[in-house]
Amino acid sequence: MKTKSRLALFAATLACAVAAPALAQDSSPAASPPADSVDTGRNSLTIGAGGVYMPSYEGSNDYVVTPALAARGKLDGFAFWTRNTQLYVDLIPNPPGPSVDVQFGPIGGINLNRTGRLVDPQVRALGKRKLAVEAGGFVGLGKTGLITSDYDNLTVRVAYVHDISGIYRSYVITPMIEYSTPLSRKAFVAISASADYAGAGYSRAYFDVDSAGSLRSGLPVFSGRKGWKDITFGAVASHSLTGDLLHGLGIYATGSYTRMEDDFAASPVTRIAGSPNQWFGAIGLGYTF
């Protein structure tokens, strides 16, 4: 059964990583299963690449296809994984076998919202944004062995990141809950729900329209406030193509629905030029060493 627990761990984390979009949205557009709910007892590295179908910016109703890269691993008991364009490092080693997993560690990453291709002409007239650098941390608590077997996992986690590059000069807080379970030595599924609470600076940078921007774009002037930015429901599935999920090649697929909220939904960037309903899909391949 220890092998089965390892399969759950490897599938969960890589499914999260491969599904992560190239556009850094703070709300996870896919399920993000527990990164290290059971200790594998060995160092490991998983890398993945995939294709992502996603909105061209947060709040857009135009969709683009873009590549995504991701990685996860464990070194001397300390786990690390990517989620969107952020890197998480868990500084608390997991105890071996089914157990309670206490999570705590730093987050570093970048935010690419509105830095790439903007399909909508009105939003394009507002101009692109520069890449933002984010830093913060997370705390979480997971329990292995709940419903389907000794190796399914339920995790709750709260993440906080702050812009340290002076682009949006604010913060995003993300509470989330995730459930994952292995189906066999080769298959795994997970579901998740998360939400994002963003500061006023985030709204000003990505969702406000000033007088000059209104003249250029034809969108009405808008000034938003801090509040709940969105809520997301997602799912992930994975299947091994060679060997099992501990070693070899696997395929991973994910999908999610995000609903923009509060002033982030009321902004003309979303309400007029885009849509509060956001859909996401991805498929990728990963290899575990």
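Scroll up to find the structure this text is about.
So, here's what we can say about the structure. Only a predicted model underlies this, so the values are computations on that prediction, with no experimental measurement involved.

The next subject is the pattern of salt bridges. A side chain with one charge can pair with a side chain of the opposite charge if their charged atoms come near. Counted under the stated rule, the structure contains six salt bridges. Where Arg225 meets Asp263, a salt bridge forms, and the shortest distance between an N and an O atom there is 3.3 Å. Of this pair, Arg225 sits in the loop between helix 4 (211-217) and strand 10 (227-240) while Asp263 is found in helix 5 (residues 262-266), placing the two residues 38 residues apart along the sequence. A salt bridge links Asp230 to Lys229, with the shortest nitrogen-to-oxygen separation between them at 2.7 Å. We note that Asp230, like Lys229, is buried. Overlapping salt bridges bring together Glu58, Asp196, Lys229 and Asp230 as one network.

This part takes up the nonpolar core. By size, the foremost hydrophobic cluster in this structure holds 19 residues, and its most contacted members are Tyr88, Tyr168, Tyr202 and Tyr206. Only strand 3 (78-83), strand 6 (132-144), strand 7 (153-163), strand 8 (171-182), helix 3 (200-206) and helix 5 provide two or more residues apiece to this core. Considering each element in turn, this core owes the most residues, three residues, to helix 3. Not counting chain neighbours up to four residues away, the residues in contact with Tyr206 comprise Asn111, Asn113, Arg114, Arg129, Ala132, Ile167, Tyr168 and Val269.

Let's shift gears to the packing of aromatic side chains. Following the criterion strictly, the structure yields 12 aromatic pairs and no others. With 6.1 Å between their ring centres and 15° between their planes, Tyr160 and Tyr171 make a pair best called stacked. On the criterion of sequence distance, the pair formed by Tyr160 in strand 7 and Tyr171 in strand 8 is long-range, its members being 11 residues apart. Classification of Tyr160 as partly exposed rests on a relative accessible area of 34%.

Let us look at the side chain of Asp152. Position of Asp152 among the secondary structure elements: in the loop between strand 6 and strand 7. Buried and unpaired, Asp152 has no salt bridge, with Lys143 as the nearest side chain of opposite charge at 7.5 Å. Here Ile147 takes part through its backbone nitrogen, which lies 2.8 Å from a polar atom of the side chain of Asp152. A distance of 2.6 Å separates the side chain of Asp152 from the side chain of Tyr179, its partner in a polar contact. Contacts of Asp152, omitting those with residues within four sequence positions, involve Lys143, Thr144, Gly145, Leu146, Ile147, Tyr179, Ser180, Thr181 and Pro182.

With that settled, consider unusual backbone geometry. Even without glycine at this site, Asn84 takes up a positive phi of about 55°. Here Asn84 shows up in the loop between strand 3 and strand 4 (86-89). Given the relative accessible area of 8%, Asn84 is considered buried. With a phi close to 50°, Asp262 is a non-glycine residue in the positive phi region. Assignment of secondary structure puts Asp262 in helix 5. A residue is classified by how much of its surface remains accessible, and Asp262, at 42% relative accessible area, is partly exposed.

Here is what the cut-offs are and how they apply
Residues numbered from 1 in each chain as written. Predicted model: local features only at pLDDT ≥ 70, side-chain atom pairs only at ≥ 80, totals over all residues. Heavy atoms only, no water. Salt bridge = Lys/Arg side-chain N within 4 Å of Asp/Glu carboxyl O. Helix = DSSP H or I, 4+ residues; strand = E, 2+ residues; numbered from the N terminus. Buried < 20%, exposed > 50% of the residue type's maximum accessible area, 1.4 Å probe, protein only. Core = buried A, V, L, I, M, F, W, Y, C linked by side-chain atoms within 4.5 Å. Contact = heavy atoms within 4.5 Å. Phe/Tyr/Trp six-rings, centres within 6.5 Å; stacked < 30°, edge-to-face > 60°. Lys, Arg positive; Asp, Glu negative; His and termini not counted. Polar contact = N/O pair within 3.5 Å; in protein donor to acceptor, adjacent residues only side chain to side chain.

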